[in-house]
Amino acid sequence: MPAVLNYLIHLLLAALLLAVFFKAYTWMTPYDEVKLIREGNHAAALSLGGALIGFSITIGSALMHTLDYQQFFAWAFGAMVIQGLAYAITTRVLNMAKDQIEANNGAFGGLLGAISISIGVINGACIS
């Protein structure tokens, strides 16, 4: 397969996975991140931004450490599930995500974002 075609397949697949992750993550949270961010809610932006960065780190690692786009998709999809589970477990343990994010508690949003990034780094390293 020509290198340019291989690049385009991986790029489009990565963008699609990121879009699916965005949709799944915003569906699974009990608040409307996009609406809150449009209203200037920093906590929602930090939480969602961290989740996207965390998942992107895993996508990057999967791109670097897999041989073809099928393997890449499998690893990235598995990582998406792990990121979702990490969010679910974190919010259950902390037992206050919805109220804190809607109240624009930037410290809490930053914590959720940092946890997502941390999981993404660990997830990405496990792929290597």
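Relevant structure appears above.
Residues numbered from 1 in each chain as written. Predicted model: local features only at pLDDT ≥ 70, side-chain atom pairs only at ≥ 80, totals over all residues. Heavy atoms only, no water.

A. Summary view of the environment of Asn123. Positionally, Asn123 belongs in helix α6 (residues 106-127). On a C-alpha basis, the gap between Asn123 and Met80 in space is 9.6 Å, while along the polypeptide they are 43 residues apart. In contact with Asn123, not counting residues within four places along its chain, are Thr58, Ala79, Ile82 and Gln83. (Helix = DSSP H or I, 4+ residues; strand = E, 2+ residues; numbered from the N terminus. Contact = heavy atoms within 4.5 Å.)

B. Representation of the packing of aromatic side chains in the model. Across all of its chains, the model carries four aromatic pairs by this definition. By way of ring pairs, the aromatic residues Phe21, Tyr25, Phe55 and Tyr87 are connected into one cluster. (Phe/Tyr/Trp six-rings, centres within 6.5 Å; stacked < 30°, edge-to-face > 60°.)

C. Seen up close, the pattern of salt bridges. The final tally for this structure, using the stated rule, is two salt bridges. Between Lys35 and Glu39 there is a salt bridge whose closest N-O contact spans 3.4 Å. Note on Glu39: relative accessible area 55%, which makes it exposed. One salt bridge connects Glu102 with Lys98, and the closest N-O pair in it is separated by 2.9 Å. Here Lys98 and Glu102 lie together in helix α5 (residues 97-102), a separation of four residues that amounts to about one turn. According to the relative accessible area criterion, Glu102 is partly exposed, its value standing at 37%. (Salt bridge = Lys/Arg side-chain N within 4 Å of Asp/Glu carboxyl O. Buried < 20%, exposed > 50% of the residue type's maximum accessible area, 1.4 Å probe, protein only.)

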